[in-house]
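As a plain string of letters, each chain reads:
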Amino acid sequence: MDERIVLNVGGVRHETYQATLKKIPATRLSRLTPSLANFDPLLNEYFFDRHPAVFSMILNYYRTGKLHYPTDVCGPLFEEELQYWGLDASDTEPCCWMQLLHAKDTQETLAVLDRMDADHEDDPQLREQDTMKKFGWEEDYFQGKRTRWMKLKPQVWSLFDEPYSSQAAKLIAGISVLFIFISIVSFCLKTHQSFRLPILTGQNITMPGGMIQPSIERISTEPLPIFGQIEMLCNIWFTLELIIRFIFCPSKVRFFKSPLNMIDLVATLSFYADAMMVRVVEDEPKDVVEFLSMIRIFRLFKLTQHHQGLQILIHTFRASAKELILLVFFLILGIVIFAALVYYAEKMEANPNNQFQSIPLGLWWAICTMTTVGYGDMTPHTSFGRLVGSLCAVMGVLTIALPVPVIVSNFAMFYSHNQARDKLPKRRRRVLPVEQIRLQARRHAAVLEPSASQGGLGGGSAIRRRNMPILIDQNCCDEENHNHKHREKSENSDEGTNSSSTAGVDTVVKLGPSETAITTTVIS
């Protein structure tokens with residue numbers, strides 16, 4: 001256990017005792033043995049192609065028993081390195097928890113933005129695979145069974161549900177937004193007195209002398225007929241759009257689970273219910289008809305589908321749900337307490353103008369005071385009542401102001417990440433995994449080995465073994481290539497004078513962007 005071990009991590013050498021690595025069992029470093037493939041017997045060290053800066057913190061964890069978060073490393077990278085070394089991020093010291101939580105919040109924010117971004121995949125083939133998977137046709141797609149319906153259905157769905165997927169989709173989205181605004185403006189203007197016609201009723205009044213005089217009385221008003229025509233035109237578009245989206249949607253169950261689709265469905269049905277009640281019922285209930293027409297104003301929520309800023313606002317409220325619930329709880333608690341206090345405070349002194357006749361009336365005063373609205377319709381007149389009113393106003397300001405910074409920070413985080421994603425390039429260089437590179441190297445080695453043996457180089461199996469290709473990657477250096485070079489050194493030292501004629505013969509395989517791009521170079 002007192003034996004020292006040399007660890008070469010990313011080119012940086014670290015030296016420690018074997019007993020130090022045994023402090024945390026069931027980890028990668030606690031199971032180091034010379035029989036491992038990454039052990040170099042010549043240099044007497046273990047080589048790991050990992051991040052050297054993070055490993056300094058990990059080795060310090062073995063030495064001191066305290067794991068700290070490096071400030072110059074991204075959160076996902078730190079968690080990936082901990083997972084490689086067999087450690088858990090929950091072992092981080094409390095002083096570094098805030099940095100770890102900030103990294104996790106950033107990952108959750110980016111995941112939400114990925115779901116919002118409809119054009120996140122630039123590869124047409126991968127985008128088509130995602131589309132087939134969303135519609136449940138993944139098996140048929142890989143089997144080559146594609147029908148016209150499988151081509152038409154995703155295209156029509158993207159036209160009406162993904163506004164930024166194409167120029168035609170943007171045009172349809174613009175038409176939909178235009179009809180929404182026309183419908184809302186018409187709904188608001190038809191309530192104004194300048195755009196309403198009076199409904200008159202006439203009756204004969206018998207005057208004192210037996211004379212009958214006709215009388216005209218206005219009993220109510222109704223909107224101009226043009227508003228009904230505008231509403232009919234808008235609802236024709238909304239009905240057509242709803243039917244097309246229902247026919248071409250990927251899943252009927254998810255379609256009805258969407259809140260926006262339910263709002264659109266209820267608002268459209270309310271129009272037809274209103275029209276049927278007007279024609280079927282002679283004396284239709286005005287209140288019911290007005291309530292059904294009020295539902296149509298909720299179509300404004302459909303604008304969230306066409307504007308990312310509104311989507312960010314909704315996700316901000318979702319991320320701040322705990323803070324909003326806490327705010328409502330404290331408001332209700334304060335409202336009930338101060339309503340009871342002001343009720344009894346006003347009764348402690350002689351007060352002929354007491355406006356707080358019950359605690360429920362005090363609830364209205366308390367909510368107006370705590371939210372700093374202050375209508376002034378109810379005011380305390382006694383000294384104790386004014387003291388309670390002052391405390392209620394101060395506590396209301398503090399209660400509302402405390403959770404607001406958390407909500408603002410969540411909105412700033414969503415907005416800043418969204419702005420950064422818009423400015424970043426869409427296409428990014430693809431990085432191959434190490435396993436794929438090693439598999440390609442073995443395939444090229446199997447192809448080049450017979451040709452090398454027939455090329456007349458001579459020397460037998462030793463030259464053929466040295467003629468095996470070494471995969472050189474310009475971006476990274478893997479452990480297998482590192483050990484391969486040292487094994488060649490040991491073979492050269494054992495061969496003595498016989499290796500002087502062939503020691504400098506190596507075959508280098510450089511892989512370009514594709515697997516077929518191979519260049520062979522002989523280094524002397």
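As the structure is a computational prediction, the values presented were derived from the model and not from experiment.

**Considering the packing of aromatic side chains**
- Overall, the coordinates contain 19 aromatic pairs when judged by the stated rule.
- Measuring from centroid to centroid gives 5.0 Å for F48 and W85, while their planes differ by 65 degrees, and the two rings are edge-to-face. You can see F48 sitting in strand β4 (residues 45-48) and its partner W85 sitting in the loop between α3 (75-84) and α4 (97-116), a full 37 residues away along the chain.
- When its relative accessible area of 1% is taken as the criterion, F48 is described as buried.
- Relative to F255, the ring of F246 lies with its centre 5.6 Å away and its plane at 65 degrees, an arrangement referred to as edge-to-face.
- Under the relative-accessibility criterion, F246 is labelled partly exposed at 31%.
- Using a relative accessible area of 6% as the deciding quantity, one classes F255 as buried.

**Some words on the side chain of S176**
- Note that S176 resides in helix α8 (residues 167-189).
- Taking relative accessible area as the criterion, S176 reaches 1% and is therefore assigned buried.
- Residues in contact with S176, not counting those within four places in the same chain, are W237, F238, E241, K302 and H306.

**Some remarks on the pattern of salt bridges**
- Considering all chains together, one arrives at eight salt bridges under this definition.
- The residue R4 makes a salt bridge to E15 at a minimum N-O spacing of 3.3 Å. Residue R4 is located in strand β1 (residues 4-9), and its partner E15 is located in strand β2 (residues 12-17); the two are separated by eleven residues in the primary sequence.
- You can call R4 exposed: its relative accessible area is 55%.
- A salt bridge links D264 to K302, with the shortest nitrogen-to-oxygen separation between them at 3.2 Å. In this pair, D264 sits in helix α11 (residues 259-280) while K302 sits in the loop between α12 (286-294) and α13 (308-319), placing the two residues 38 residues apart along the sequence. Here D264 and K302 have matching classes, each one buried.

**Side note on the UniProt feature "transmembrane region" (unreviewed entry) in the chain**
- On the UniProt side, "transmembrane region" (unreviewed entry) is annotated at positions that read residues 171-189, 324-344, 356-375 and 387-415 here.
- With 100% helix and 0% strand, residues 171-189 has its two end C-alpha atoms placed 27 Å apart.
- Here residues 387-415 runs as 93% helix and 0% strand, with 43 Å between its end C-alpha atoms.

**As for the sheet that holds β4**
- Pairing is mixed across the open sheet formed by four strands, whose spatial order is β2-β1-β4-β3. Where the open sheet ends on each side, the last strands, each with one partner, are β2 and β3 (39-40).

**So, a nonpolar patch on the surface**
- On the surface, a nonpolar cluster with roughly 680 Å² of combined accessible area is contributed by W149, L152, I243, F246, I247, F256, M262 and V266.
- Examining the composition of the nonpolar patch, we find that three residues originate from one element, helix α9 (residues 225-247), more than from any other.
- Within the secondary structure layout, I243 lies in helix α9.
- Residue I243 is classed as partly exposed on the basis of its relative accessible area of 46%.

**Some details on the pairing of β2**
- Relative to β2, β1 runs antiparallel, the two being bridged by six bridges. Opposite V6, over in β2, you have E15 as the bridge partner.
- Linking β1 to β2, which pair antiparallel, is a turn of two residues; within it G10 sits at a positive phi near 60 degrees.

**Brief notes about the packing of α13 against helix α14 (residues 321-346)**
- It is at 4 Å that the axes of α13 and α14 come closest, and there the two elements cross at 65 degrees. Residues F317, R318 and A319 of α13 lie in contact with α14, whose contacting residues are A321, E323 and L324.
- Looking at side-chain class alone, the contact of α13 with α14 contains four nonpolar, no polar and two charged residues.

**Remarks on the side chain of S30**
- Mapped onto the elements of the fold, S30 is located in the loop between α1 (18-21) and β3.
- Reaching out from S30, the side chain makes a polar contact with the backbone nitrogen of A26 at a distance of 3.5 Å.
- Residue contacts for S30: discarding those within four places in its chain leaves L21, K22, I24 and P25.

**Here's the deal with the pairing of β4**
- The alternating pattern of β4 places E45 and F47 on one face and Y46 and F48 on the opposite face, and all of these are buried.
- Of the strand pairs in this sheet, β1 and β4 are connected by three bridges, and their pairing is parallel. From the neighbouring strand, N8 faces β4, where its bridge partner is F47.
- Across two bridges, β3 lies against β4 in antiparallel orientation. Residue pairing in the sheet places F39 in a bridge with Y46 of β4.
- Counting the residues between successive antiparallel strands, the hairpin from β3 to β4 contains four residues, one of them, N44, with a positive phi of roughly 55 degrees.

**Side note on the packing of helix α7 (residues 148-161) against α9**
- The N-to-C vectors of α7 and α9 enclose an angle of 140 degrees; their axes lie 9 Å apart at closest approach. Between α7 and α9, the angle falls in the class oblique. For α7 against α9, the interelement crossing comes out left-handed. Of α9, the residues touching α7 (which contributes W149, K153, V156, W157, F160 and D161) are E241, I244, R245 and I247.
- Across the contact of α7 with α9, the residue classes break down as six nonpolar, no polar and four charged.

**So, the environment of Q193**
- One can find Q193 in the loop between α8 and β5 (196-206).
- Under the relative-accessibility criterion, Q193 is labelled exposed at 55%.

**With respect to the environment of M150**
- The residue M150 is located in helix α7 in this model.
- Residues M150 and D140, spaced ten residues apart in sequence, show a C-alpha to C-alpha distance of 9.7 Å.
- Setting aside its immediate chain neighbours within four residues, M150 contacts M132, W137, D140 and K145.

**Digging into unusual backbone geometry**
- Positive phi values are uncommon outside glycine, yet A26 reaches one of about 60 degrees.
- Tracing the backbone shows A26 in the loop between α1 and β3.
- Among the residues examined, A26 registers a relative accessible area of 62% and is labelled exposed.
- The residue T372 is not glycine, and still its phi comes out positive at about 60 degrees.
- By the secondary structure assignment, T372 is in the loop between α15 (359-370) and α16 (383-401).

The rules behind each value
- Residues numbered from 1 in each chain as written.
- Predicted model: local features only at pLDDT ≥ 70, side-chain atom pairs only at ≥ 80, totals over all residues.
- Heavy atoms only, no water.
- Phe/Tyr/Trp six-rings, centres within 6.5 Å; stacked < 30°, edge-to-face > 60°.
- Helix = DSSP H or I, 4+ residues; strand = E, 2+ residues; numbered from the N terminus.
- Buried < 20%, exposed > 50% of the residue type's maximum accessible area, 1.4 Å probe, protein only.
- Contact = heavy atoms within 4.5 Å.
- Salt bridge = Lys/Arg side-chain N within 4 Å of Asp/Glu carboxyl O.
- UniProt positions renumbered as here; feature names shortened; annotations may be inferred.
- Pairing = 2+ DSSP bridges.
- Patch = residues over 30% accessible without salt bridge, like charges linked within 9 Å, V, L, I, M, F, W, Y side chains within 5 Å.
- Areas by Shrake-Rupley, 256 points an atom, 1.4 Å probe, with all protein chains shown as cover.
- Axes fitted to C-alpha atoms, helices over the stretch in contact; angles between N-to-C directions.
- Nonpolar A, V, L, I, M, F, W, Y, C, P; charged D, E, K, R; others polar.
- Polar contact = N/O pair within 3.5 Å; in protein donor to acceptor, adjacent residues only side chain to side chain.
- Parallel < 35°, antiparallel > 145°, perpendicular 65-115°, else oblique.
- Left-handed = near helix turned anticlockwise from the far one by under 90°.

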